[in-house]
Amino acid sequence: MGGIYAVMSIGLALIFGVMRVVNFAQGDFMMLGMYLTYYLAVAYRLDPLLGALVVVPPFFVLGVLVHRALLVRVTGGGDPQRQMDAQLILTLGLSLIITNATTMVLSPMPRQIRTGYATEAFGLGPLLVNQARAYAFVMAVLLAVVVFVFLTRTDLGKALRAAADEPEAAGYQGIDVRAMHGLAFGIGVALVAAAGGLLATYHPIEPTVGVNFIVLMFVAVVLGGLGSIPGAFVGGLVIGLVQAVTLLVLPLQLQNAGVFIAFLAVLYLRPQGLFGRRLRTV
Amino acid sequence: MLSITGLSVAYGGLHALERVSLEVRAGEFVTIVGPNGAGKTTLLKAISGAVPAAAGRIEYGGRDLGRLAAAARARLGIAHVPEGRKVFPSLTVLENLEMGSYRAEARRRRAEGLDMVYALFPPLRERRGELAGTLSGGQQQMLALGRGLMARPDLLLLDEPSQGLAPRLIEAIFEAIARIREARGLTILLVEQRVVEAVELCDRAYVLETGRIVLEGGRETLLADPRVQRAYLGA
């Protein structure tokens with residue numbers, strides 16, 4: 001579970017880090033990624049683990065288009081307070097529209113992909129590890145590594161981070177900050193859709209599934225330090241771990257209670273998050 | 001090379017610049033001096049495209065910059081070393097310099113550019129793997145200058161490179177600027193509050209006060225001007 005949380009949280013952190021936009025529709029893009037993976041599995045018998053990779057390009061394009069059509073109107077310049085209000089209303093509205101349109105078109109009925117490995121387990125000494133979760137975890141870590149290499153080893157990735165750090169100075173280096181916003185949003189949406197695809201290997205799919213996860217994504221991102229990519233990755237892993245441990249001592253319905261308790265403890269002891277910088281250069 | 005005519009910039013109804021005209025010829029070192037809040041930084045930002053012009057015309061290499069975005073102007077060879085340095089704090093020193101050579105012309109000759117910057121500022125080579133946010137103020141200024149040079153610019157805009165630095169460091173930074181100029185034959189437009197050093201370095205200077213050019217001239221003329229002596233040189 002932790003690996004998938006990590007990937008979805010990286011998507012959210014990337015969008016926030018570069019654009020300073022809190023994307024409430026992130027959970028809905030995840031849900032759409034689950035559905036696309038589901039239909040690929042039904043129509044083409046495509047394994048959801050591969051389906052999760054196949055959804056990356058279309059959702060990247062979708063993200064870039066959403067940025068170009070909607071988000072450019074509420075980012076970059078203008079009164080920051082009013083921009084933030086507009087961004088919240090925009091992404092929340094987008095979230096409501098996507099959830100309800102999906103309910104209307106695809107019905108609220110939950111669906112499930114059946115894979116051979118969903119009910120199988122590896123024996124690791126005395127431990128049993130569910131195979132679907134193990135494969136999904138490995139894929140998630142691979143995705144995170146690809147993103148990390150992109151951000152630290154390529155000029156485009158470095159430019160993305162530069163635009164997040166100091167947009168004004170980035171412009172002076174010839175970096176098109178608006179294009180970087182589009183790129184960040186596209187990658188963020190593609191990542192969360194891929195995480196949805198991986199989740200679909202064992203989690204039921206319904207139009208409102210995103211709501212359950214967006215909260216966890218926010219917790220992971222804040223836990224790791226706002227906008228920090230490695231922080232979001234670790235934050236996601238921590239949440240998965242805390243959930244699993246909570247499950248051992250508390251009933252299933254309370255598994256997120258453990259997450260929030262851990263979250264409050266971290267915020268109390270280290271308010272800037274695990275990987276946050278204490279001071280932001282303004 | 002750079003020709004500005006009748007440039008006005010307004011922030012929320014306030015006039016930051018009013019009908020400013022100035023000229024920088026290829027290979028020239030021009031300085032703009034003036035008190036705090038005179039509009040010096042705004043002028044540089046208008047040239048590099050960070051703030052829009054309300055009126056007037058900015059021509060660079062015979063081309064109207066008009067509504068070109070900052071990134072597009074940087075690609076034309078204008079490098080802006082901004083006030084307050086604005087290095088990328090969460091990138092390493094090396095990554096900052098690499099971003100300086102983001103434009104295609106500079107990217108091809110990145111290794112050469114790095115050698116030049118490291119030769120000019122040896123501390124940057126030593127700390128190339130560290131995050132720029134951990135550098136001291138003087139080193140950040142070296143990095144900001146180095147990043148600007150990595151772009152292999154035709155026109156270098158320098159905004160208060162001495163700001164917040166100890167006197168010894170200021171001297172070193174100005175020395176570096178003089179060396180850069182000699183070695184590369186760069187065209188430089190410098191904005192400074194430290195009038196003496198800035199005017200000593202330049203070929204020509206403009207005095208900007210409350211958004212208007214009040215005086216211009218060659219180095220000697222300006223240093224000899226009684227108004228400049230009274231206001232800036234404490235004579």
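Residues numbered from 1 in each chain as written. Chains lettered and ligands numbered in written order. Predicted model: local features only at pLDDT ≥ 70, side-chain atom pairs only at ≥ 80, totals over all residues. Heavy atoms only, no water.

### Section: the overall build of chain B
Stated formally: Helix and strand definitions follow DSSP, with helices as H or I runs of at least four residues and strands as E runs of at least two, each counted in order from the N terminus. Two things to know: the radius of gyration comes from C-alpha atoms, and the globule rule equals 2.2 Å times the number of residues to the power 0.38. Remark: exposure states derive from per-residue accessible area (1.4 Å probe, protein chains only) relative to the maximum for the residue type, with buried under 20%, exposed over 50%, and partly exposed in between. To be clear on the numbers: accessible area is Shrake-Rupley with a 1.4 Å probe, and residue cover counts the displayed protein chains and nothing else.
Secondary structure summary: chain B contains 11 helices and 10 strands in total. Its C-alpha radius of gyration of 17 Å places chain B within 12% of the 18 Å reference for a compact globule of 235 residues. When each of the 235 residues of chain B is scored for burial, the buried share is 53%. Counting every atom, chain B has about 9900 Å² of accessible surface; 49% of that belongs to carbon and sulfur.

### Section: the packing of helix H7 (residues 155–165) of chain A against helix H3 (residues 93–100) of chain B
Stated formally: Orientation is described by axes fitted as lines to C-alpha atoms, over the contacting stretch for helices, and by angles from 0 to 180 degrees between their N-to-C directions. Angle categories are assigned with fixed cut-offs, so that under 35 degrees is roughly parallel, over 145 is roughly antiparallel, 65 to 115 is roughly perpendicular, and the rest are oblique. Contacts are residue-level and defined by heavy atoms, with any inter-residue pair within 4.5 Å sufficient.
For the pair H7 of chain A and H3 of chain B, interaxial distance at closest approach is 10 Å and the crossing angle is 100°. Taken together, the axes of H7 of chain A and H3 of chain B are roughly perpendicular relative to one another. Note on element contacts: H3 of chain B touches H7 of chain A through Glu-95, Glu-98 and Met-99 of chain B, opposite Asp-155, Lys-158, Ala-159, Arg-161 and Ala-162 of chain A.

### Structural notes on the nonpolar core
Generally speaking, soluble globular proteins have nonpolar side chains that are buried together. To be explicit about the condition: For our purposes a nonpolar core is just a set of buried Ala, Val, Leu, Ile, Met, Phe, Trp, Tyr and Cys residues, chained together by side-chain atoms within 4.5 Å.
Counting 87 residues, the largest nonpolar core has Met-8, Phe-29, Met-30, Leu-160 and Leu-198 of chain A as its most contacted members. When residues of this core are assigned to their parent elements, the largest contribution, 15 residues, is made by helix H9 (residues 177–199) of chain A. In this structure, Met-8 of chain A is in contact with Met-30, Val-192, Ala-195, Leu-199, Phe-213 and Met-217 of chain A, ignoring residues within four places of it in sequence. Membership of the second largest hydrophobic core comes to 44 residues, among which are Val-33, Leu-143, Met-150 and Leu-222 of chain B.

### Things to note about the pattern of salt bridges
Residue and element names in this part refer to chain B. For the record, the criterion: When a carboxyl oxygen of Asp or Glu is within 4 Å of a side-chain nitrogen of Lys or Arg, the pair counts as a salt bridge.
One pass over the full model with this rule turns up 20 salt bridges over all chains. Residue Arg-212 pairs with Glu-18 through a salt bridge whose shortest N-O separation is 3.0 Å. Of this pair, Arg-212 sits in strand S10 (residues 212–218) while Glu-18 is found in strand S2 (residues 14–24), placing the two residues 194 residues apart along the sequence. Its relative accessible area of 37% is what places Arg-212 among the partly exposed residues. Relative accessible area serves as the criterion here: at 21%, Glu-18 is assigned to the partly exposed category. When the shortest N-O distance is used, the salt bridge between Arg-57 and Glu-59 registers 2.9 Å. A relative accessible area of 37% places Arg-57 in the partly exposed class. Taking the relative accessible area as the measure of exposure, Glu-59 reaches 24% and is therefore partly exposed. One network of salt bridges, with partners in common, ties together Arg-25, Glu-28, Arg-204 and Glu-216.

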